[in-house]
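Structure at a glance
Here are the chains, one letter per residue:
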Amino acid sequence: SMILVFDRLIREGYDPAMITMVITDRCATNITKIERLLAKLASTRDHLAQEGEPCGISARTEDLLEPESNPDRPYQVVTLIGILEYFHGHTSTTTEEHLGHPSTNLEPCAKELAHAIAATTSEHGTLIANTYRVEVGARILEIFGKKFRYRNREDLHTLVGLAGFT
């Protein structure tokens, strides 16, 4: 998703030498995959952050719920892609409900994640978030063991509103 944001900024005329983009994941294996992808894509491979340079695209491990894991906050644009489905609360339905299983409400909850995201976002920053919809593709993934917390637009708006996003 951040790659799409980067591409749009470039198309709109922003100078790539003035953009710092950090892609984070709590899993080091995913960061390795992201770095390989960034090095291959035509839109990003010439804009990778170099050691000692203040701008460019980089990827690193970060646990959003551990504020000490990244001293470079806050960010102007924050994307939440593929993370919300792991946190309970403020949902319209869940995989467990679809399958008739008891619901598991493990900590941390989505509200805690929303507050952690607010701490990573600058005062006038932008939050870009997605959530899975109850549709065939997601339902097939459920058959193979994937568990989702589904949120409709209102659920998502309420959730991020609790952390001060408008």
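Read on for an overview of the structure. (Residues numbered from 1 in each chain as written. Predicted model: local features only at pLDDT ≥ 70, side-chain atom pairs only at ≥ 80, totals over all residues. Heavy atoms only, no water.)

1. With respect to the packing of aromatic side chains
- Evaluation of the coordinates by the stated rule reveals one aromatic pair.
- Seen in terms of ring centroids, F148 and Y150 are 5.7 Å apart; in terms of plane orientation they differ by 45 degrees. Their pairing is tilted. In terms of burial, F148 and Y150 fall into one category: buried. (Phe/Tyr/Trp six-rings, centres within 6.5 Å; stacked < 30°, edge-to-face > 60°. Buried < 20%, exposed > 50% of the residue type's maximum accessible area, 1.4 Å probe, protein only.)

2. Re the nonpolar core
- One finds L64, L80, L84, L113, I117, L159 and F165 to be the most contacted residues of the largest nonpolar core, which totals 16 residues.
- At the level of secondary structure, the elements contributing two or more residues to this core comprise β3 (75–80), α4 (110–120) and α6 (153–161).
- Looking at this core, the element that brings in the most residues is α4, giving four residues.
- Each residue touching L159, except ones within four places of it in the same chain, is listed here: L84, H90, A110, K111, A114 and R151. (Core = buried A, V, L, I, M, F, W, Y, C linked by side-chain atoms within 4.5 Å. Helix = DSSP H or I, 4+ residues; strand = E, 2+ residues; numbered from the N terminus. Contact = heavy atoms within 4.5 Å.)

3. Thoughts on the side chain of T95
- By the element assignment, T95 lies in helix α3 (residues 95–99).
- Separated by 2.6 Å, the side chains of T95 and E142 make a polar contact.
- Residues within four places of T95 in sequence aside, it is in contact with E142, K146, K147, F148 and Y150. (Polar contact = N/O pair within 3.5 Å; in protein donor to acceptor, adjacent residues only side chain to side chain.)

4. Examining the environment of P16
- Here P16 shows up in the loop between α1 (2–11) and β1 (20–25).
- For the pair P16 and A114, spaced 98 residues apart in sequence, the C-alpha separation works out to 29 Å.
- If we skip the residues at most four places from it in the chain, P16 touches F6, I10 and H47.

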